[in-house]
Amino acid sequence: MSSPTYIGRFAPSPTGPLHVGSLVAALASWLDARAAGGRWLVRMEDLDRPRCEPGADDTILRQLEAYGLLWDGTVLYQSRRDDAYAAALAALRSQGAVFACTCTRSQLAQAPRNAEGEIVYPGTCRLHPFPNLAPHAWRVRTVDASTHFVDRVHGALRQDLADEVGDFVVKRADGLFAYQLAVVVDDAFQGVTHVVRGADLLWNTPRQIYLQGLLGLPTPAYAHVPLVTNAAGQKLSKQTLAPALPERGRRMVLAQALAALGHPPPAELVGAGPGELLGWAVGEWRIKNVPLHPTIANATQAPDNQPLAPSP
Ligand code: GLU
Ligand code: ZN
């Protein structure tokens, strides 16, 4: 059997219900998959168990259904995949690609930060390995070379991992596997060929491509779609108290999400239901029409007739 040419996925962290920002990411990946005649999977990224909210996974699945974003196959839960992540870590250890790190958050507080505000690991434990007795994280050694990749929305990009990120964590000192490792293992396990997700993850991509290289896994195509921010310019999230997607007025919310993705529905579709809007959008979908800039959401939950205003 030949492998399908397109497998996409939406990978929410079940820390709360979806908001309009997560809908935009889900919608973009769904549209890209359906327009290509591909499969579309949902994966629950419930790795960071303390941050997950009981029942949020079901809420998210019901919200996707309500908005007409139906997935293929069964939902994969990262909380059940520790064995696969442990095997990947063992493979990295056997190549000497990782080292134990006992640095605490406060010890790293003074380290320089990159443009994303993340700490660039200063290499402390790389050269002075501590015995593996103390609680420790595992970090992967980065090399002083540019990682190049072509994002389908942002074009050709490069990042020097050693300079701009430093050796990064693949397993945390509290025993939890890090997102960077899990996402790479699971994208490969699920045969994902196309990743379409929010632009907040754009600069995580070189880390993931680097790990794919070390683990001998294929690199999918990447596309990062604009975030939705609140009026203060913050990404919508649980931390910024983004309201859950409304249960009523889905048509308007969907039309706004499509506009945020550079596909505003035409006037003839005013009054069309979600199914009709999605059908239209699958036919019209062109990733090159997706804008780079973020969109500002309505401050209120009410899905009134106010379109999402693009930022200047
Ligand atoms: N779980 C991540 C999030 O909700 C998304 C991971 C991904 O799409 O690679 O931000
Ligand atoms: Zn360290």
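Conventions and cut-offs
Residues numbered from 1 in each chain as written. Chains lettered and ligands numbered in written order. Predicted model: local features only at pLDDT ≥ 70, side-chain atom pairs only at ≥ 80, totals over all residues. Heavy atoms only, no water. Helix = DSSP H or I, 4+ residues; strand = E, 2+ residues; numbered from the N terminus. Buried < 20%, exposed > 50% of the residue type's maximum accessible area, 1.4 Å probe, protein only. Contact = heavy atoms within 4.5 Å. Areas by Shrake-Rupley, 256 points an atom, 1.4 Å probe, with all protein chains shown as cover. Donors = N, O, S within 2.8 Å, 3.2 Å for Na, K, Ca; no water. Tetrahedral: all angles 85-135°; square planar, octahedral: opposite > 155°, others 65-115°. Near = heavy atom within 4 Å. Polar contact = N/O pair within 3.5 Å; in protein donor to acceptor, adjacent residues only side chain to side chain. Nonpolar A, V, L, I, M, F, W, Y, C, P; charged D, E, K, R; others polar. Pairing = 2+ DSSP bridges. Axes fitted to C-alpha atoms, helices over the stretch in contact; angles between N-to-C directions. Left-handed = near helix turned anticlockwise from the far one by under 90°. Salt bridge = Lys/Arg side-chain N within 4 Å of Asp/Glu carboxyl O. Expected span 1.5 Å × (residues − 1). Arc of directions from axis to C-beta. Phe/Tyr/Trp six-rings, centres within 6.5 Å; stacked < 30°, edge-to-face > 60°. Lys NZ or Arg CZ within 6 Å of the ring centre and 35° of its normal.

Draft legend 1. Looking closely at the overall build of the protein. Counting its regular elements, the protein contains ten helices and 13 strands. Overall, the C-alpha framework of the protein stretches about 65 × 50 × 40 Å when taken along its three principal axes. Every one of the 312 residues in the protein was classed for burial, and the buried ones make up 49%. Of all intrachain contacts in the protein linking residues separated by at least 6 positions in sequence, the fraction that spans at least 24 positions is 74%. Surface summary for the protein: the accessible area is close to 14700 Å², and the carbon and sulfur share equals 56%.

Draft legend 2. Spatial organisation of the coordination of the zinc ion (ligand 2). Every protein donor of the zinc ion (ligand 2) is listed here as Cys101 (SG), Cys103 (SG), Tyr121 (OH) and Cys125 (SG), and their distances to the metal cover 2.2 to 2.3 Å. Coordination at the zinc ion (ligand 2) is tetrahedral: its four donor atoms span angles of 102 to 122° at the metal. Read N to C, the donor residues that coordinate the zinc ion (ligand 2) are spaced as C-x1-C-x17-Y-x3-C.

Draft legend 3. Just the side chain of Thr147, in detail. Examined against the element boundaries, Thr147 turns out to sit in strand S6 (residues 146-151). Setting aside chain neighbours within four positions, we find Thr147 in contact with Leu157, Arg158, Gln159, Leu161, Pro206 and Ile209.

Draft legend 4. Expanded view of the site of ligand 1. By nearness alone, every residue bordering ligand 1 is listed as Arg9, Ala11, Ser13, Glu45, Tyr179, Val183, Arg197 and Leu201. Between Arg9 and ligand 1, the recorded distance is 2.6 Å, taken from a side-chain N or O atom to an oxygen atom. Glu45 is positioned with one of its side-chain polar atoms (N or O) 2.6 Å from a nitrogen atom of ligand 1. Contact with the protein chains covers 80% of the free accessible surface of ligand 1, which is 300 Å². The residue inventory of the shell around ligand 1, partitioned by class, reads four nonpolar, one polar and three charged.

Draft legend 5. Local environment of the pairing of strand S5 (residues 137-140). Because side chains alternate across S5, one face comprises the buried residues Ala137 and Arg139, and the other comprises Trp138 and Val140, equally buried. Here strand S4 (residues 98-101) pairs with S5 via four bridges, running antiparallel. Paired with Val98 across the bridge in S5 is Val140. Sheet topology note: the S5/strand S8 (residues 168-171) ladder contains three bridges and is antiparallel.

Draft legend 6. Seen up close, the sheet that holds S5. Taken in spatial order, the three strands make up an open sheet running S4-S5-S8, and their pairing is antiparallel. Strands with a single pairing partner mark the edges of an open sheet, and in this sheet they are S4 and S8. When the angles between neighbouring strand axes are averaged without regard to direction, this sheet yields 45°. Sitting on the sheet, helix H8 (residues 205-215) is in contact with S5 and S8, with an inclination near 55° to S8.

Draft legend 7. Geometry of the packing of helix H1 (residues 20-35) against helix H10 (residues 274-284). It is at 8 Å that the axes of H1 and H10 come closest, and there the two elements cross at 60°. In the packing of H1 onto H10, the handedness of the crossing is right-handed. Taking contact as the criterion, the partners of Leu27, Trp30, Leu31, Arg34 and Ala35 in H1 are, on H10, Leu278, Ala281 and Val282. Of the residues assigned to the contact of H1 with H10, the class counts are seven nonpolar, no polar and one charged.

Draft legend 8. Main features of the pattern of salt bridges. Counting across every chain of the model gives 14 salt bridges. Across the salt bridge formed by Asp187 and Arg43, the nearest N and O atoms sit 2.9 Å from each other. One end of the pair, Asp187, is in helix H7 (residues 179-189); the other, Arg43, is in strand S2 (residues 39-44), with 144 residues separating them in the sequence. Across this residue pair, the class does not change: Asp187 and Arg43 are buried. Several salt bridges converge on common partners, so that one network encompasses Arg9, Arg43, Glu45 and Asp187.

Draft legend 9. Local environment of helix H3 (residues 82-94). Given a rise of 1.5 Å per residue, 13 residues ought to cover 18 Å, and the 18 Å separating the end C-alpha atoms of H3 matches this to within 8%. Along H3, the residues classified as buried are Tyr85, Ala88, Leu89 and Leu92. Taken down its axis, H3 places every buried residue within 100° of arc, on the same side. Across from the buried face of H3, at angles greater than 90 degrees, the exposed residues are Asp83 and Ser94. Looking at the buried side of H3, the elements it contacts are S4, S5, S8, H7 and H8. After H3 finishes, the residue Gly96 shows a positive phi value of roughly 70°.

Draft legend 10. Up close: the packing of aromatic side chains. One pass over the full model with this rule turns up four aromatic pairs. In this arrangement the basic side chain of Arg81 is found over the ring face of Phe189, its NZ or CZ atom lying 3.8 Å from the centre. Positioned over the ring face of Tyr121 is Arg139, at 3.8 Å from the centre of the ring.

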